Amino acid sequence: MKKILLFAAAALVLGQTLTSCSSCSSKKDDVTATETALEPQFVFTKEDTTRVRELVEQFCNAMQNKDIKAALDMIYFVKRDSVVELNPAAKKRQGVALGMIAGKARYELDRITFVNNFDNEAKIDITLFEKEDGDPRPNKTSFYFAPVRRDGQWYLSTKDNMTDTRTDIRVKAEREAKKAAAAAEAAAEEE
């Protein structure tokens, strides 16, 4: 109940702020133009899907041919809001992981999901070996990419907790949200 009251108070404060700003129409146009220019673009086109699909297929071909070096050269590291090449230690660790799934029977792109420039997903299903009818052994695994778009260019990064360095950004955003909620609660108590 307290959370609902808190969110209602935050919404009320935000609504009052927006209402008071709407009376300044010339300032509103300037603010809107500035906000629009600063907003990230999360529009994805057919070309984006095609490019990510091409990268994933290129990776799968390298893996099918046991060319781990070529596959590794396609994987990048997300460092805050930048995309960089893997450092030697990360390349070695990733190479060991890829070695376990290199040259397997089949690699198939299951799906690509776009959310924004950094939080996307491409899932590859890997058939480890062909099996006979009635064989109960599991023969499939999956590999996940987190495709990243930076400056209009697509990069493949892996989806794991070792390469997601943006956790501190998420924590900062949560901290700021809590601070705003506390301010809204304090304002509600003063009234």
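Residues numbered from 1 in each chain as written. Predicted model: local features only at pLDDT ≥ 70, side-chain atom pairs only at ≥ 80, totals over all residues. Heavy atoms only, no water.

On to the overall build of the protein chain, then. Within the protein chain, the secondary structure is distributed over six helices and seven strands. Written out in order from the N terminus, the α and β elements of the protein chain read α-α-α-α-β-β-α-β-β-β-β-β-α. In the protein chain, buried positions account for 27% of the 191 residues. If you sum the accessible surface of the protein chain, you get close to 13,100 Å²; carbon and sulfur atoms cover 55% of it. (Helix = DSSP H or I, 4+ residues; strand = E, 2+ residues; numbered from the N terminus. Buried < 20%, exposed > 50% of the residue type's maximum accessible area, 1.4 Å probe, protein only. Areas by Shrake-Rupley, 256 points an atom, 1.4 Å probe, with all protein chains shown as cover.)

With that settled, the discussion passes to helix α5 (residues 88-99). End to end, α5 covers 16 Å across 12 residues, agreeing with the expected 16 Å (1.5 Å per residue, within 8%). Inspection of α5 places Ala-90, Gln-94, Gly-95 and Leu-98 among the buried residues, and these make up the whole buried set. Seen end-on, α5 carries its buried residues on one side only, within an arc spanning 135 degrees. Along α5, exposed side chains directed more than 90 degrees from the buried face belong to Pro-88, Ala-89, Lys-92 and Val-96. Looking at the buried positions of α5, the neighbouring elements they touch are α3 (46-64), α4 (68-72), β1 (75-79) and β5 (140-145). Two or three places before Ala-89, at the opening of α5, Asn-87 has a side-chain oxygen 3.1 Å from that residue's backbone nitrogen. (Expected span 1.5 Å × (residues − 1). Arc of directions from axis to C-beta. Contact = heavy atoms within 4.5 Å. Polar contact = N/O pair within 3.5 Å; in protein donor to acceptor, adjacent residues only side chain to side chain.)

Before going further, it helps to spend a moment on the pairing of strand β7 (residues 153-157). Examined bridge by bridge, β1 and β7 share two bridges and lie parallel to one another. Each residue of the ladder has a partner; that of Ile-75, found in β7, is Leu-156. In the sheet, strand β6 (residues 148-150) pairs with β7 via three bridges, with the strands oriented antiparallel. The partner of Arg-149 across the bridge, within β7, is Trp-154. Connecting β6 to the antiparallel partner β7 that follows it, the hairpin turn spans two residues, and Asp-151 within it adopts a positive phi of roughly 55 degrees. (Pairing = 2+ DSSP bridges.)

For the rest of this paragraph, the subject is α3. In this model α3 runs 26 Å from its N-terminal to its C-terminal C-alpha over 19 residues, within 8% of the 27 Å that 1.5 Å per residue would give. Among the residues of α3, those classed as buried are Asp-48, Val-52, Leu-55, Val-56, Phe-59, Cys-60, Ala-62 and Met-63. Along the axis of α3, the buried positions cluster into a sector of 160 degrees, meaning they face one direction only. Exposed side of α3, more than 90 degrees from the buried face: Lys-46 and Glu-47 are the residues found there.

With 25 residues, the main nonpolar core has Val-56, Phe-59, Met-63, Leu-98, Ile-124, Phe-143 and Phe-145 as its most contacted residues. Of all the elements in the fold, those that place two or more residues in this core are α3, α4, β1, α5, β4 (121-127), β5 and β7. Excluding residues that lie within four positions of it along the chain, Phe-59 makes contacts with Ala-71, Met-74, Ile-75, Leu-98, Ile-124, Phe-143, Phe-145 and Leu-156. (Core = buried A, V, L, I, M, F, W, Y, C linked by side-chain atoms within 4.5 Å.)

Further remarks concern the pairing of strand β2 (residues 82-85). As paired elements, β1 and β2 share four bridges and run antiparallel to each other. Bridging from a neighbouring strand, Tyr-76 pairs with Glu-85 of β2. The turn joining β1 and β2, which pair antiparallel and follow one another in sequence, is formed by two residues; a positive phi near 55 degrees is taken by Arg-80.

Chain-level statistics for the protein chain give a pLDDT mean of 78 and a share of 69% at 70 or above. Here residues 1-39 is modelled with pLDDT under 50, and outside its nearest four sequence neighbours on either side it reaches seven contacts, counting other chains as well. (pLDDT = per-residue confidence, 0-100.)

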